[in-house]
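Observations on the three-dimensional arrangement
Below are the chains, spelled out letter by letter.
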Amino acid sequence: MKIDYIEFSSPKMAETKAFFADAFGWTFNDYGPEYQELADAGISGGISAGELVPPLVVLKADDLEAAFAKVESAGAEIIKPIFSFPGGRRFEFREPGGTAMAVWTEA
């Protein structure tokens, strides 16, 4: 699995979006008031509206169930079991040191 996506959060979506645009020149694909996809940040990613949490590193897998089993057997704490979202499915976990991460696959 490789790092494929990074997801930021912001309780102040308009201000965060404006900052990223002004400071870094990033543009966005608008998916409504709750989610903005980064269009040209050098890596795929997005900004989710809501409580501020550390950025979420998202890995991509061809076989989500196999990735889930491998991550769980390696000692991860599953935070969110496999769920669907527009465009795919994913799960979220904490590695033993405490960093939250996710794995996704296309629908």
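Bear in mind the structure is a predicted one, so any value in this text is a computation, not a measurement.

1. Thoughts on the sheet that holds strand β8 (residues 100-106)
- If you trace the eight strands from one edge of the open sheet to the other, you get β2-β3-β4-β1-β5-β8-β7-β6, paired in mixed fashion. Looking at strand neighbours, the two that pair on one side only are β2 (28-30) and β6 (77-85), the edges of this open sheet. The mean angle between the axes of side-by-side strands here comes to 25°, regardless of whether they run parallel or antiparallel.
- Here β2 runs beside strand β3 (residues 35-38); their pairing, made up of three bridges, is antiparallel. The residue of β3 that forms the bridge with phenylalanine 28 is leucine 38.
- Packing of helix α1 (residues 13-24) onto the sheet brings it into contact with β1 (2-10), β2, β3 and β4 (45-49), and relative to β4 it is tilted by some 155°.
- Against the sheet, helix α2 (residues 64-73) engages β6, β7 (88-94) and β8, with an angle of about 5° to β7.

2. Concerning the pattern of salt bridges
- Under the criterion given, the structure shown has five salt bridges.
- Between arginine 90 and glutamate 7 there is a salt bridge whose closest N-O contact spans 3.1 Å. Taken as a pair, arginine 90 in strand β7 and glutamate 7 in strand β1 lie far apart in primary sequence, 83 residues in all.
- Between glutamate 65 and arginine 89 there is a salt bridge whose closest N-O contact spans 2.8 Å. Taken together, the residues glutamate 65 in helix α2 and arginine 89 in strand β7 connect sequence positions 24 residues apart.
- The class for glutamate 65 is partly exposed, based on a relative accessible area of 40%.

Rules behind the numbers
Residues numbered from 1 in each chain as written. Predicted model: local features only at pLDDT ≥ 70, side-chain atom pairs only at ≥ 80, totals over all residues. Heavy atoms only, no water. Pairing = 2+ DSSP bridges. Helix = DSSP H or I, 4+ residues; strand = E, 2+ residues; numbered from the N terminus. Axes fitted to C-alpha atoms, helices over the stretch in contact; angles between N-to-C directions. Contact = heavy atoms within 4.5 Å. Salt bridge = Lys/Arg side-chain N within 4 Å of Asp/Glu carboxyl O. Buried < 20%, exposed > 50% of the residue type's maximum accessible area, 1.4 Å probe, protein only.

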